[in-house]
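Chain by chain, the residues run as shown.
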Amino acid sequence: MSQDALDTIVDGPVGIWIFQTSPACLFVNENAKRLLHLDQEANFYTDNPPNCLRHLLTHPEKTGLQECPESDILSYLVSQQTSIYLGLFLRSQQNTDSLPQSKDRELLKLILQVPHLAVQGYDQAGKLIYWNESSCELYGYSVSQAIGKSMEELLIPQHYRGNFSTVFQRWIANTGVSPSRNCIRMNRLGQQIRVQTTQIVLANVQGDIELYCLDHSDDNTRLQQQKLHKLEYYDQLTQLPNRQLMQALLQQSLKIGQQMNLRTAVMFIGIDKFKLVNSEFGHEVGDLILKQVADRILTITSSQDLKSRFGGDVYVLSFNLSKDNEQSSAIARRLLAAISKELRLKKGPERISASIGIALSPEDGQDASTLLQHGDAALSQAKTSGGGCIAYYDSELSRSNHRVHFIANDLERALQAGELHLIFHPQFRLDSVELCGGESLIRWRHEQLGDISPAEFIPILEKQKGMLVLDFWVTTQVLKTIQRYLDSGVKSPRIFVNLSADTINHRSFQQNVQRTMAKYQVPYHAVGIELTEHTLIHNEPQAVTNLQWCQKQGIKIALDDFGTGFSSLSYLAKLPIDIIKIDRSFISSIEKKHNRELVKTIIAIARSLSMEVICEGVQTRRQEVFLRKHGCEMVQGHYYSRALDSEQWLDLIEKSGA
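Throughout what follows, the structure given in this document is the object of discussion. (Residues numbered from 1 in each chain as written. Predicted model: local features only at pLDDT ≥ 70, side-chain atom pairs only at ≥ 80, totals over all residues. Heavy atoms only, no water.)

## Here's the deal with the overall build of the protein
Across its full length, the protein carries 27 helices and 26 strands. Counting across all 658 residues of the protein, residues that qualify as buried make up 52%. Long-range pairs, those at least 24 residues apart, make up 61% of the contacts in the protein with a sequence separation of at least 6. As presented, the protein carries roughly 31,900 Å² of accessible surface, and 49% of it is formed by carbon and sulfur atoms. (Helix = DSSP H or I, 4+ residues; strand = E, 2+ residues; numbered from the N terminus. Buried < 20%, exposed > 50% of the residue type's maximum accessible area, 1.4 Å probe, protein only. Contact = heavy atoms within 4.5 Å. Areas by Shrake-Rupley, 256 points an atom, 1.4 Å probe, with all protein chains shown as cover.)

## Topic: the side chain of N43
Mapped onto the secondary structure, N43 falls in the loop between α2 (30-36) and β3 (44-45). By relative accessible area, which is 16% here, N43 ends up buried. A distance of 2.9 Å separates a polar atom in the side chain of N43 from the backbone oxygen of V28. Non-local contacts of N43, meaning those with residues more than four positions away in its chain, are made with L26, F27, V28, N29, E30 and K33. (Polar contact = N/O pair within 3.5 Å; in protein donor to acceptor, adjacent residues only side chain to side chain.)

## Section: helix α17 (residues 454-463)
If you check which residues of α17 are buried, you get F457, I460 and L461. Buried residues along α17 cover an arc of 95° about the axis, so they all sit on one side. Seen from the open side of α17, the exposed residues pointing more than 90 degrees away from its buried face are A455 and K463. With a side-chain oxygen positioned 3.1 Å from the backbone nitrogen of A455, the residue opening α17 is S453. Among the residues trailing α17, K465 stands out with phi positive, at a value near 60°. (Arc of directions from axis to C-beta.)

## Focus: the pattern of salt bridges
Side chains that differ in sign of charge can pair as their charged atoms come close. If you walk through the whole model with that rule in mind, you get 14 salt bridges. The partner of E597 in a salt bridge is K600, and the shortest N-O contact between them spans 3.1 Å. Taken together, the residues E597 and K600, both in helix α25 (residues 593-608) and three residues apart, mark about one turn of the helix. Assessed through its relative accessible area of 35%, E597 is described here as partly exposed. In this structure, the salt-bridge partner of E624 is R628, at a minimum N-O distance of 3.6 Å. With E624 and R628 both in helix α26 (residues 621-629) and four residues apart, the pair spans about one turn of that helix. For E624, a relative accessible area of 4% puts it in the buried group. You can call R628 partly exposed: its relative accessible area is 35%. If you follow the salt bridges from partner to partner, you end up with D410, R413, E419 and E447 in one network. (Salt bridge = Lys/Arg side-chain N within 4 Å of Asp/Glu carboxyl O.)

## Quick look at the nonpolar core
Formed by 73 residues in total, the largest nonpolar core has its most connected members in L420, L470, I529 and L627. In terms of residue count, helix α18 (residues 467-487) provides more of this core than any other element does, eight residues in total. If we skip the residues at most four places from it in the chain, I529 touches F496, V497, L499, I504, F509, C550, I555, K556, I557 and A558. Counting 31 residues, the second largest nonpolar core, distinct from the first, contains L290, Y315, L343 and I358. (Core = buried A, V, L, I, M, F, W, Y, C linked by side-chain atoms within 4.5 Å.)

## Digging into α25
In an α-helix, one full turn covers 3.6 residues, which means residues spaced three or four apart are oriented alike. When the terminal C-alpha atoms of α25 are compared, their 23 Å separation across 16 residues agrees well with the 22 Å that a helix rising 1.5 Å per residue should span. Considered for burial, the residues of α25 that qualify are N595, V599, I602, I603 and A606. Taken end-on, α25 shows its buried residues confined to a sector of 95°, consistent with a single buried face. Residues of α25 that are exposed and angled more than 90 degrees away from the buried face: K593, H594 and S608. Residues of α25 that are buried in the fold lie against β23 (556-562), β24 (579-582), α24 (584-587), β25 (612-616) and α26. Note on α25: the residue one or two positions beyond its end, S610, has a positive phi of about 60°. (Expected span 1.5 Å × (residues − 1).)

## As for the pairing of β24
Here β24 shows two buried faces, one formed by I579 and K581 and the other by I580 and I582. The pairing of β23 with β24 spans three bridges and is parallel. Of the residues in β24, the one forming a bridge with F562 is I582. (Pairing = 2+ DSSP bridges.)

## Re a negative patch on the surface
Taken together, the side chains of D645, E647, D651 and E654 define an acidic patch exposed on the protein surface. By secondary structure assignment, the location of D645 is in the loop between β26 (634-636) and α27 (646-656). (Patch = residues over 30% accessible without salt bridge, like charges linked within 9 Å, V, L, I, M, F, W, Y side chains within 5 Å. Lys, Arg positive; Asp, Glu negative; His and termini not counted. Charge placed at Lys NZ, Arg CZ, Asp CG, Glu CD.)

## Considerations on unusual backbone geometry
The peptide bond linking S361 to P362 adopts the cis configuration, its omega dihedral lying at 15°. With respect to the secondary-structure elements, P362 resides in the loop between β16 (354-361) and α14 (368-384). Positive phi, close to 65°, is recorded for Q239, a residue that is not glycine. Within the element layout of this structure, Q239 appears in the loop between α9 (219-233) and α10 (243-259). Here Q239 falls in the partly exposed class, since its relative accessible area comes to 38%. Notably, K273 is not glycine yet its phi reads approximately 55°, a positive angle. With respect to the element layout, K273 can be found in the loop between β13 (263-271) and α11 (274-281).

Here it is as structure tokens:
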């Protein structure tokens, strides 16, 4: 229990006792003295305590409700940590009326934090309204399985159900605390469990009656149930609650927080670039890092906070806020600092960083599902900012992030649904204006989002490692198109395919190309590859090897968007390039002198290196004349033809006699 929580309890309206073993000393707070009608000024007792406290000085370890002699008060052991025992005093219902409502609420708030105490709450109709984690452990039902059910159908053995409704009504007729008693309950497997139970009947803030049952079992039964519970609801690597349990606990925490007029923060904590750590150092190192991060989260947070390994490298933390947003920001900064400390590993990275996304209730949602969704969106925003950042949920940014996430994860479905298709942009020789080739372009008409531009979805798929799938699909469609034309007796001009860095740098690239070309029986000279400087900038040696192999097979290599990068000239000397494609931005502003000089220079360099040149984006007669005058061999643009679908492309081939 945190010091803040302890101070709140000691100074609050609940009667508290604390016992330490060495040296033996018993402390009771002022409210406890009022409950027990003690006149002494002292709050500490080392020997000769009043009779009502003697049992706490001699046997503080006793569990369950204990009678305080010569009084109508019961004592209850809440927790033990090393040599410290913490407990509270409860007024017996036989001799007193119910506590004032404010004290009822404080009492309930305290009881809900008692470890290993299975607490269930029922409304006056007998329906379950509260089911804590220890109840899940003891009885085997998850929160979602239990809420809304009656005690009779969940916990009461069949042969005790005859007059249970009458018994329940008798229970809720007397507000206050009942003495503990032994009884038989039934778990989810139908097994009978002997438990010690205490009942507290309270009036809620609306004045309706609520019954809370506090159940405690013997150690063997509890341990057996805990083992089953942990397998189902806990992450086995970090021992933190899993996603399913976290969502259920958060929903209950929100309800309690709303009753007490508290705000709730939900933090998503994600390790930056964790996939790279796994791929570089292996999953064993990755697992050690996940454990260390979990340990560091536990050291920073309070025992009352909800914590979970939500999946992969993402953790979720939730806590109530008594102050403004600065409280959550301070905790987030402490978490980032703790996680970034040096790792204790024999091999692996020395340090890691994390990003945190925060959603707040009630403004960002009032139920667990919404808050978790918005916390996840905030984490995505923090990672987009470069990692090592804290981001609060923003609805506008969330919509943008949701679209990105949606697109990134919808490619497979879209391919199966036939939402993607190819069009072909013809290429012509300038000297004869004859068709000499075409560039395949991909289009996506999404069932919900409408037309999605390649300028939007290609960068998203590159970041999400989805380009291998897309490249394979495009290549397969191009080969099917060429095969169909060849089978019809039509000679197809060379069709260029744009390939990504993931495909060009793949170690199985050559084998994949061989297998696919053989499957569709398409000659190598019928296809070409277009790539950009951006495609080649990372794993150049592997790319060079794969492209040299392609060139030997007869596949033409074109460098697209030439002139827009920072080191394009160096690539001409290093890479097996056959064709340079001058970017459309140069020819569109050909009236500017420096653009004209650049185009002339690029053409001259290509010719000196025995490379051909295609100029993209040709729109006017004036541009055509300029390019022909300065020796450009091929052109592509709307001045000659717009992009065509496969049938229009076939018509053009047949008319041109290619």
